[in-house]
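Residues per chain, in single letters:
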Amino acid sequence: MRVSRFLKEWRTRLLAAGAALTMAGGAVVLAPGVAQAAPARGLAYVWANSPNSALNVPYTPSTLYSRNSTGGTNTVVRTGTGQYTVRMPGLGLVGGTVHVTAYGSTSHTCGVTYWVPGAGGRLDVHVSCFTRTGARVNTTFDASFVNTATVGGSRIAYVWANQPTSASYTPSTSYQFNSGGSTNTITRQGAGQYRVRVPSIGAAAGHVQVTAYGDVAARCKVVNWYPSGSTEYVNVRCHNAVGRLADNRFTLTYVRSTGILRTTPAAYAWANRPTTAAYNPAAAYAYNSTGSVMRIRRTGTGTYRFVPPNMPLGNGHVQVTAYGSDSAYCKVDYWTPSTGVQIRCFAPSGALVDTYYDVAFQR
């Protein structure tokens, strides 16, 4: 991540508002205790549907696929080729987590570059998008943010894995959460290979989303997850643009029987039969807040449809993460009430490939 370039910009903006800056593992963050303008915990998401918008001119993405729990209107600014800032009013509190999924039929990918409190109490989420070979490219994407402080209730944990070369560490406590009240930790198991330890909420169930972090053409995915006693272990692998394992920062969310933004309506599934024409996903790793049984269909090599009955697919938000130890990756193609959620999965070469994946829908 090219922090130096962004640091000058944000120091100017934040110091003008009377704030101070610190650095944490390559992220630009507000110093603890700095007063901010009307920030709030909550959630937001957008479908950034104008990838070629005019440079540095904000636009309002489709309101059907945009939400902000504070009531503000999210906007998106294209700041360069394949570089965007999602502005989320009222959510400019240090913390939380972000996920990004590229959208469309191409093999392009997107990740979160960083997020930071912006002017007037808003949150600014910076996103970078690339071709499969690592060149910057304008493309459509989905981005979500959630910041919660409520322990107990539905099971959720998230981390920003901010020390990719450390053997074992506690990731930034400002950017992690565990609804069981415990502290998440991370162990590096080799180049680009990590194990996230999530105490207190372990079960042979649930759902995981992973997003690569930084201004780099990396792709991160979940390998597997499993409980040991009350602790959940989640294994992650990160690859560079050509599909080789490479150390990289990432964000990760684990949930069980709730949406990835901890609201309803919501649905998720682990698609674990990549060559099967049609099936119901494993019940322990599937959730529909209406109680309906979901369906997954394979429509061709590397193309799938996730059908969650009674979900409001005329709007809402989707995140997709590939699953497994290989270098395949997945993205959302589109979703409609009549077709469900269309997903495409690719090999590093850009060819469509059958693979496992996790998909989550949120309204």
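Basis of the calculations
Residues numbered from 1 in each chain as written. Predicted model: local features only at pLDDT ≥ 70, side-chain atom pairs only at ≥ 80, totals over all residues. Heavy atoms only, no water. Helix = DSSP H or I, 4+ residues; strand = E, 2+ residues; numbered from the N terminus. Contact = heavy atoms within 4.5 Å. Disulfide = S-S within 2.5 Å. Buried < 20%, exposed > 50% of the residue type's maximum accessible area, 1.4 Å probe, protein only. Core = buried A, V, L, I, M, F, W, Y, C linked by side-chain atoms within 4.5 Å. Phe/Tyr/Trp six-rings, centres within 6.5 Å; stacked < 30°, edge-to-face > 60°. Pairing = 2+ DSSP bridges. Salt bridge = Lys/Arg side-chain N within 4 Å of Asp/Glu carboxyl O. pLDDT = per-residue confidence, 0-100.

Draft legend 1. Quick peek at the environment of Ala 246. You can see Ala 246 is positioned in the loop between β18 (231-239) and β19 (249-256). Spatially, the C-alpha atom of Ala 246 lies 8.0 Å from that of Gln 193, the residues being 53 residues apart in sequence. Setting aside its immediate chain neighbours within four residues, Ala 246 contacts Ala 191, Gly 192, Cys 238, His 239 and Asn 240.

Draft legend 2. Highlighting the state of the cysteines. Under the defined criterion, the tally for this structure stands at three disulfides. Across a sulfur-sulfur distance of 2.1 Å, Cys 110 and Cys 129 are joined as a disulfide pair. An S-S torsion of about 110 degrees defines the bridge between Cys 110 and Cys 129 as right-handed. Residue Cys 110 is found in strand β8 (residues 109-117), and its partner Cys 129 is found in strand β9 (residues 123-130); the two are separated by 19 residues along the sequence. We note that Cys 110, like Cys 129, is buried. In this model Cys 330 forms its disulfide with Cys 345; the gap between the sulfur atoms is 2.1 Å. When the S-S torsion is 105 degrees, as for the bridge of Cys 330 with Cys 345, the disulfide is right-handed. Remark: Cys 345 occurs in strand β27 (residues 340-346) and Cys 330 occurs in strand β26 (residues 329-336); sequence separation between them is 15 residues. When the cysteines of the protein chain that form disulfides are numbered from the N-terminus onward, they connect as 1-2, 3-4, 5-6.

Draft legend 3. Focus on the nonpolar core. Counting residues in each nonpolar core, the largest one holds 27 residues, and the members touching the most others are Met 88, Val 100, Trp 115, Val 125 and Phe 141. Secondary-structure elements contributing two or more residues to this core are β3 (42-48), β6 (83-88), β7 (97-102), β8, β9 and β10 (141-147). Counting residues per element, this core draws most heavily on β8, which supplies five residues. Ranked by size, the runner-up nonpolar core spans 26 residues in total, among them Ala 269, Ile 296, Leu 313 and Phe 361.

Draft legend 4. Structural context of the packing of aromatic side chains. On inspection of all chains with the given rule, the structure shows 22 aromatic pairs. The interplanar angle of 75 degrees and the centroid separation of 5.4 Å between the aromatic rings of Trp 160 and Tyr 175 together place this pair among those described as edge-to-face. One end of the pair, Trp 160, is in strand β11 (residues 155-161); the other, Tyr 175, is in the loop between β12 (168-169) and β13 (177-178), and 15 residues separate them in sequence. You can call Tyr 175 buried: its relative accessible area is 3%. Aromatic ring contacts, followed pair by pair, group Trp 225, Trp 270, Tyr 285, Tyr 323 and Tyr 356 into a single cluster.

Draft legend 5. Just the pairing of β19, in detail. By the criterion of burial, β19 is predominantly enclosed, with seven of the eight residues buried. Pairing between β11 and β19: seven bridges, direction antiparallel. Counterpart to Trp 160 in the pairing with β19 is Thr 251. As paired elements, strand β16 (residues 207-213) and β19 share seven bridges and run antiparallel to each other. Its bridge partner being in β19, Thr 211 is matched across the sheet by Thr 251.

Draft legend 6. A look at the sheet that holds strand β4 (residues 67-68). Taken in spatial order, the four strands make up an open sheet running β4-β3-β10-β7, and their pairing is antiparallel. Of all the strands in the sheet, just β4 and β7 have a single pairing partner and so form its edges.

Draft legend 7. Representation of the sheet that holds strand β23 (residues 295-300). Here we have five strands laid out as an open sheet, ordered β21-β23-β24-β27-β26, and antiparallel in their pairing. With partners counted over all chains shown, the strands left at the sheet margins are β21 (278-279) and β26, one partner each. Summarising the sheet, β23 and strand β24 (residues 303-307) pair through five bridges and their orientation is antiparallel. Bridge pairing in β24 links Arg 298 to Tyr 304.

Draft legend 8. Fine view of the pattern of salt bridges. Under the defined criterion, the tally for this structure stands at six salt bridges. Between Asp 247 and Arg 188 there is a salt bridge whose closest N-O contact spans 3.0 Å. Taken as a pair, Asp 247 in the loop between β18 and β19 and Arg 188 in strand β14 (residues 185-190) lie far apart in primary sequence, 59 residues in all. A relative accessible area of 28% means that Asp 247 is categorised as partly exposed.

Draft legend 9. Quick look at the pairing of β23. Where β21 lies against β23, two bridges are found, and the strand directions are antiparallel. Residue pairing for β23: Ala 278 is matched across the bridge by Arg 297. Connecting the antiparallel pair β23 and β24 is a turn made up of two residues, with Gly 302 showing a positive phi of about 70 degrees.

Draft legend 10. Molecular detail of the confidence of the model for the protein chain. Per-residue confidence for the protein chain gives a mean pLDDT of 91, with 89% of residues at or over 70. Of the regions scoring below 50 in pLDDT, residues 1-38 engages in 74 contacts with residues more than four places distant in sequence or in other chains.

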